[in-house]
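Here is what each chain is made of, one letter per residue.
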Amino acid sequence: MTSHDLERNLIQRVNVGDMLTRSAWRLGEKEAVIAGDERLTYRALNDRVNAFAHALLDAGYGRGTALLLISGNSIEFLVTYYACAKTGTVCVPINLAWGPNELAYVLGHARARGAVVEAQFVPLISGALAIAEHHDLVDVIVAPGTGAEWEPAPQGTWHTLDAFVDPNATSEPACFVDDRDPLTYLYTSGTTSAPKGVVSSHVAVYIESLTGPIVMHYSDADRSAVVMPLFHTAQLNGLTTGLLYLGGTVVLHRSFDAAALLASIERERITQIFLLPMMYRALIDHPDVSRRDLSSLRLGIYAMAPMAETDVKRVTEVLGCDLALGFGQTEMNPLTTVLLPEQQLSHAGAVGGAVPNVQVAIVNDAGELVPAYTRGEIVYRGPHAMQGYLHDEQATNEAFAGGWFHSGDVGYLDADGVLWFEDRRKDVIKTGGENVASLEVERALYGAEPRIDEVVVVGLPHAHWTEAVVAIVRPRPGSGLTETDVLAAARSALPGFKVPKAVILVDELPRTATGKVQKHLLRSQYRDYFATTAESERA
């Protein structure tokens, strides 16, 4: 590579790190990020990123080198992410719900040279290093995090972040990074097999980062409460990078706490939030909600689970903001469709129309495109799509078969091009010769019985039905909801073959770190439910 190649690359490249560089160039003294008592302008944030980028380069990191990032929602997370981008280092954000076994697998699979880890997560990486069969790890860089005490493990060279970085090295690093070079390896949850590493390029994330702002009308006046984990693509790429590109302000929260979030909306004049439906219910039911000034809030975004029509109405009334549903998946980085505020009630149950740069279609089992209202697999085309699965050519080829990315989701498009998601293929319940989409049953129950706080529908083994439709319900506290009430609601809203054969009331549901209910754990926990019930009845 010649000096002319580097010079041209620096001018023309599509690099996610440059998104921050240019925001700092335009809006240097504007507030970029708030984390607790710490507030950074765009210039200060960019200076920290550049200092860390130079430290990485000095330590031998660069184009194609993988660096794990084990951090909650923090300034250090953003600094590491953007520094990796500017240097061509591949950032590997780690799911904080994982244990040492999952981390040990990723450590070897990603061939990570180092890790940035917040102090409170040192036991996690130490445990992974102790059991990893092979790894290439050289450095562990420990950020302060929540201030936990820590001890280094025998493997690797350990540094504190302060000792690793020269804070005065704030010039822009000059590194050749190709547009299609990997920016991140994002690992899927791996609920049925080893996690897959989704390889996301700079160009994919760059274009995705512009998509959310275009569709949901962000501006540099927006102030976003970042509550969902940054290690998940929805919060990181779907929302945060786009807002920082425009020049908005992000207010970091380490976890969801309804009282703390309401106070933050009032204090920081928050204009947008991104939460799960269950979090919105907790927010509007909190006793502080009527005592807080929430007039700055203009948009509430939700994803990952349906929101009942009654909840849509309550949230918009109580919070006084519009709602939008974002739909997609990690392999699309992630946004593919959006259900806009004006569609929340007119298209209740849909996941919206395609965003710019993404084509959405439905194919049958033969891979052929099908007409409107025909059920099949949801497929996509667009520059948001991943490069492929890391070290897994077969899975990549299967996902890209026929010139479309195959989502593994089932649904249909209506005559207006609005997408209606029915289920994950693996979650469609085959009962008595009929296919039942678990999501359809969940939506019907939310609409028919307001005392349901949360419901998850799964198929469980059954001697007669092969799989029986079962509703696992968490009632609203103090509601007095019974199994009989839920079944009566189901019969009022669903045809007979879709009505659950049983209702199980629970106090809690198992979740991923992003709040998604883990259906596979529920299926495993209750797989003998009907056998046990039959034995009990015979006794």
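Residues numbered from 1 in each chain as written. Predicted model: local features only at pLDDT ≥ 70, side-chain atom pairs only at ≥ 80, totals over all residues. Heavy atoms only, no water.

## Overview of the domain arrangement of the protein
Piece 1. What the domain assignment lists for the protein is domain 1 (3–200), domain 2 (256–424) and domain 3 (428–537).
Piece 2. Relative placement of domain 1 and domain 3: their C-alpha centres are 41 Å apart. (Domains from an automatic or database assignment.)

## Thoughts on helix H5 (residues 100–109)
In an α-helix, one turn spans 3.6 residues; hence positions three or four apart end up facing the same way.
Piece 1. When H5 is considered as a whole, its buried residues turn out to be Leu103, Ala104, Val106, Leu107, Gly108 and His109.
Piece 2. In the core, the buried residues of H5 are packed alongside strand S3 (66–70), strand S4 (90–93), strand S5 (112–118), helix H6 (122–131) and strand S8 (182–187).
Piece 3. Of the residues one or two after H5, Arg111 is the one with positive phi, at around 55°. (Buried < 20%, exposed > 50% of the residue type's maximum accessible area, 1.4 Å probe, protein only. Helix = DSSP H or I, 4+ residues; strand = E, 2+ residues; numbered from the N terminus. Contact = heavy atoms within 4.5 Å.)

## Some details on the state of the cysteines
Piece 1. Evaluated as defined, the whole model comprises zero disulfides.
Piece 2. Considering cysteine sulfurs only, Cys91 is the nearest to Cys84, which forms no disulfide, with 4.4 Å between them.
Piece 3. Summary of cysteine pairing: Cys175 is not part of a disulfide, and the nearest cysteine sulfur, belonging to Cys84, is at 11 Å. (Disulfide = S-S within 2.5 Å.)

## Some details on the packing of helix H2 (residues 16–26) against helix H8 (residues 202–216)
Piece 1. For the pair H2 and H8, the least separation of the axes is 8 Å and the interaxial angle reads 45°. One finds that H2 runs oblique with respect to H8. Across from Val16, Met19 and Arg22 in H2, the residues of H8 making contact are His202, Val205, Tyr206, Ser209 and Leu210.
Piece 2. When the residues that make up the contact of H2 with H8 are grouped by side-chain class, the tally is five nonpolar, two polar and one charged. (Axes fitted to C-alpha atoms, helices over the stretch in contact; angles between N-to-C directions. Parallel < 35°, antiparallel > 145°, perpendicular 65-115°, else oblique. Nonpolar A, V, L, I, M, F, W, Y, C, P; charged D, E, K, R; others polar.)

## Things to note about the sheet that holds strand S25 (residues 466–475)
Piece 1. Spatially, S24-S25-S26 is the arrangement adopted by the three strands of the open sheet, whose pairing is mixed. Only two strands of the sheet have a single neighbouring strand rather than two, namely strand S24 (452–462) and strand S26 (502–505). For this sheet the average axis-to-axis angle between neighbouring strands, irrespective of direction, equals 25°.
Piece 2. Bridging between S24 and S25 involves ten bridges; their strand directions are antiparallel. Note on S25: the bridge partner recorded for Leu460 is Ala468.
Piece 3. Where helix H14 (residues 438–448) meets the sheet, its contacts fall on S24 and S25, and the angle it forms with S24 comes to roughly 145°. (Pairing = 2+ DSSP bridges.)

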